[in-house]
Amino acid sequence: QPRPSSSQQQPLHQQQDMSSNQLDTYKKLTDSLTFPPQAHHFTFSIDLRSIRDHHSTNTINIFLRYMYPFFGSAAPILTHPTVEIRKGSEVLLPQSFCAFDFACSMQQLQETFARVPLVVEVWHRDRHLSQDVLVGTVKLPLSLVMSAGRTRIMNSAGASGWRQEASDRVPVTSSDGKLEKCADISLVLSLEDWGPIASGHTCQQNSRAPNIQALPFQTESSTGVESVETGTSSPRHSAEYQAAVELELWKENQEKDFERKMKIKETTLMKTLAEEWKKRDTEREVLTQRKLTEFKQMEDQLRKTLTDLERREKKLAVSEHEVMKLRSDLQREHDRKLMEMKEASRRLKEDCDHQVELQKMKMKELEDTTNRHKQDLGDSERKYKTLETEFATYRDRQTKTPEVRLQSEVNLLNMEKMELDRKLDAATKSKIYYKQQWGRALKELARLKQKEQELAKANLLHQKQELEHMRLRYLAAEEKEVVSKDNKELEEIRSQISKLKQREEERLQNMSDSHQIPLIKDAYGKPLNLDLDASVDEHVVRLVEERDTLLRTGVYTTQDKIIAELDRQIRETVSHRTS
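Residues numbered from 1 in each chain as written. Predicted model: local features only at pLDDT ≥ 70, side-chain atom pairs only at ≥ 80, totals over all residues. Heavy atoms only, no water.

**A look at the overall build of the protein chain**
Secondary structure summary: the protein chain contains eight helices and 16 strands in total. Expressed as a percentage of the 579 residues in the protein chain, the buried residues total 23%. Contacts in the protein chain between residues at least 24 apart in sequence constitute 68% of all its contacts with a sequence separation of at least 6. Carbon and sulfur atoms make up 54% of the accessible area of the protein chain, which totals about 43,500 Å². (Helix = DSSP H or I, 4+ residues; strand = E, 2+ residues; numbered from the N terminus. Buried < 20%, exposed > 50% of the residue type's maximum accessible area, 1.4 Å probe, protein only. Contact = heavy atoms within 4.5 Å. Areas by Shrake-Rupley, 256 points an atom, 1.4 Å probe, with all protein chains shown as cover.)

Here it is as structure tokens:
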């Protein structure tokens, strides 16, 4: 039989008010309670210690409820009083320990624990709705205690047994059908085995019914004693007979008087009870009317509150819909602005990469030009040395050659050397300049990357970004116009150079046709034309002056096509002259 806590036991006066029939029935059922063979005496205790909440959003009042008929009791076991619990908190359960004494075989116990779980229900006592709400259920693993270690124990009577104890924390499954974990319970299960019960043993329970003693009314009768009247008088006229008659009459009068007094008292009491009943009935009616009025007022107030809540809920739903719509619009606008920023950043990055590639190509061309100029300078120096040697040899052999011609050739060679030195210096300066430009381009690229990161962080400042985009577009348009203008100027300069070139070629052609200058052979047999060399020198000087003038303006650099064209013409003229 279960041994619940003291608050779950029946009161003493209820146990004493059992009728004799109930006692006889209970005596018949319990006087001969026999146990099956190989049955053991078990004591199973359940201690639900604490519960932790994981799901609820508000404070709830929790109590647990379970029953397990196998332990011999079909009455549900409840923990009380209720405890308040919040999400994430853990509370102790009061009066949650219960022990059961029962007898069965070990095999039956193991099979029942493995087959039939103990289901504990978690309830919430809602004081506003005046009803209990099921929060969730949990299945206790009773078979867990069967695999626990055994320890020797001894009770107060000196009997020894074995105890198996196991503790665990099991999850509570919510009752809303989602099978989610809403809480977990910490529990301790204990099984005490007090050994087998002897075969044929009968459990006697002495339930004594109250003894009802009947006191029989005893009458005395005289046996063999008769009053023998001797004489002629009648018994009715005797003094004893008269006394008995008077006694009976007095008793009858006393009984009538007692009944009359009792009737009067009964009437008085009934009248008092009726008045009291009427008074209390009136009070109950007044109280009922008052409660009905209060209930009606509360009902009207609740209806008004429900109406306000419905109106607020509709207003909240409309506001929520507007907020969701505004949020979707903002998200869409944000995505659009973000795509525009990414596209602008990608274009800017591509432009920067293109500029870097162009700078690399220009640097490579400058390096090639510098190397070529160095090679030309080396060739010129070698030629200069060779010419000096030839000139010395020629001067020694040709004493009749005018010194003016030789001096002119020396001056021309010096001028070529100076020109080549100047070209070398210009190429070196151009290399340094483009290295500086390359470093600036790298710094500009790093700055642009940093600016791109800052723009990504300030994606919500859309107004500023739009102004920045407009400014970038305006600058791009301005740069495009400047580039187109520069291209137009370059085309005009090219056309002018082509015209000048044509005029110079026509002039040289006319000069060559009109003036037939005799050729003079040098020591190696090469023809030399003094007038033609003078014109070539003037042409070279003029081209050099034009190139230097354009470079000094600061508009053109050594990488521009017009400067490269002038350099090419100068090289061709010098090479033509030397050949």
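After that view of the structure, there is still more to cover.
**Some details on helix H3 (residues 106-115)**
Inspection of H3 places Leu109, Thr112 and Phe113 among the buried residues, and these make up the whole buried set. Buried residues in H3, looked at end-on, bunch into an arc of 95°, giving them a common side. Residues of H3 that are exposed and angled more than 90 degrees away from the buried face: Gln107, Ala114 and Arg115. (Arc of directions from axis to C-beta.)

**Quick word on unusual backbone geometry**
When glycine is set aside, most residues are seen to have a negative phi, and most peptide bonds are trans. Geometrically, the link from histidine 80 to proline 81 is a cis peptide bond, its omega value of -5° lying close to zero. Position of proline 81 among the secondary structure elements: in the loop between strand E5 (73-78) and strand E6 (83-85). Unusually for a residue other than glycine, glutamine 95 sits at a positive phi of about 50°. Take glutamine 95: it is sitting in the loop between strand E7 (90-92) and strand E8 (97-104).

**Notes on the nonpolar core**
Counting 37 residues, the largest nonpolar core has Phe44, Ile46, Leu48, Ile51, Tyr66, Leu140 and Ile185 as its most contacted members. Considering every element that reaches this core, the biggest residue donor is strand E13 (residues 181-196), with six residues. The contacts of tyrosine 66, once residues within four sequence positions are left out, are Ile46, Leu48, Pro76, Ile77, Cys98, Phe100, Leu118, Val119 and Val120. (Core = buried A, V, L, I, M, F, W, Y, C linked by side-chain atoms within 4.5 Å.)

**Here we look at a negative patch on the surface**
Where like charges cluster on the molecular surface, the negative patch consists of Asp351, Asp353, Glu357 and Glu479. Looking at which element gives the most residues to the negative patch, the answer is helix H4 (residues 239-397), with three residues. A relative accessible area of 42% places glutamate 357 in the partly exposed class. (Patch = residues over 30% accessible without salt bridge, like charges linked within 9 Å, V, L, I, M, F, W, Y side chains within 5 Å. Salt bridge = Lys/Arg side-chain N within 4 Å of Asp/Glu carboxyl O. Lys, Arg positive; Asp, Glu negative; His and termini not counted. Charge placed at Lys NZ, Arg CZ, Asp CG, Glu CD.)

**Things to note about a nonpolar patch on the surface**
Together, Tyr241, Val245 and Leu249 line one region of the surface with nonpolar side chains, adding up to about 250 Å² of accessible area. Mapped onto the fold, tyrosine 241 is located in helix H4.

**Brief notes about the pairing of strand E4 (residues 60-68)**
With seven of nine residues buried, E4 is to be regarded as a mostly interior element. Strand direction decides the pairing type here: E4 and E6, joined by three bridges, are antiparallel. Residue isoleucine 62 lies in a different strand from E6, and its bridge partner there is valine 83. Counting the residues between successive antiparallel strands, the hairpin from E4 to E5 contains four residues, one of them, glycine 72, with a positive phi of roughly 100°. (Pairing = 2+ DSSP bridges.)

**Looking at the side chain of glutamine 359**
Structurally, glutamine 359 can be placed in helix H4. Glutamine 359 has contacts with Tyr434, Gln437 and Trp438, leaving out every residue within four places of it along the chain.

**Focus on the pattern of salt bridges**
Tallied over the full model, the rule gives 33 salt bridges. Its salt-bridge partner being lysine 337, residue glutamate 333 comes within 3.9 Å of it at the nearest N-O pair. With glutamate 333 and lysine 337 both in helix H4 and four residues apart, the pair spans about one turn of that helix. Taking relative accessible area as the criterion, glutamate 333 reaches 33% and is therefore assigned partly exposed. The salt bridge involving glutamate 419 is made with arginine 547; its shortest N-O contact spans 2.5 Å. Here arginine 547 lies in helix H7 (residues 530-552) and glutamate 419 lies in helix H5 (residues 403-457), a separation of 128 residues in the sequence. What makes arginine 547 buried here is its relative accessible area of 5%. The network of salt bridges with common partners includes Arg52, Glu90, Arg169, Lys181 and Asp184.

**Comments concerning the packing of aromatic side chains**
Summed over all chains, the structure comprises 11 aromatic pairs. With centroids separated by 5.1 Å and ring planes inclined at 25°, the aromatic side chains of phenylalanine 44 and phenylalanine 71 adopt a geometry described as stacked. With phenylalanine 44 in strand E3 (residues 40-53) and phenylalanine 71 in the loop between E4 and E5, this residue pair connects regions lying 27 residues apart in the sequence. With respect to burial, phenylalanine 44 and phenylalanine 71 carry one shared label: buried. A centroid spacing of 6.3 Å and a plane angle of 75° characterise the contact between tyrosine 68 and phenylalanine 70, whose relative ring orientation is edge-to-face. Taking the relative accessible area as the measure of exposure, tyrosine 68 reaches 5% and is therefore buried. Using a relative accessible area of 22% as the deciding quantity, one classes phenylalanine 70 as partly exposed. In this structure, arginine 125 is placed above the aromatic ring of phenylalanine 63, and the distance from its NZ or CZ to the ring centre is 4.5 Å. (Phe/Tyr/Trp six-rings, centres within 6.5 Å; stacked < 30°, edge-to-face > 60°. Lys NZ or Arg CZ within 6 Å of the ring centre and 35° of its normal.)

**Structural notes on the confidence of the model for the protein chain**
Mean pLDDT over the protein chain stands at 76; residues scoring 70 or higher make up 78%. pLDDT under 50 marks residues 1-34. Its contacts with residues more than four places away, or in other chains, come to 38 contacts. pLDDT under 50 marks residues 200-233. Its contacts with residues more than four places away, or in other chains, come to 20 contacts. (pLDDT = per-residue confidence, 0-100.)

**With respect to the pairing of strand E9 (residues 118-126)**
Note: E4 against E9, five bridges, orientation antiparallel. Across the sheet, residue tyrosine 66 finds its bridge partner in E9, namely valine 120.

**Focus on the environment of valine 188**
Relative to the assigned elements, valine 188 resides in strand E13. Excluding its chain neighbours within four sequence positions, the residues that come into contact with valine 188 are Ser45, Ile46, Asp47, Arg49, Glu165, Ala166 and Ser167.

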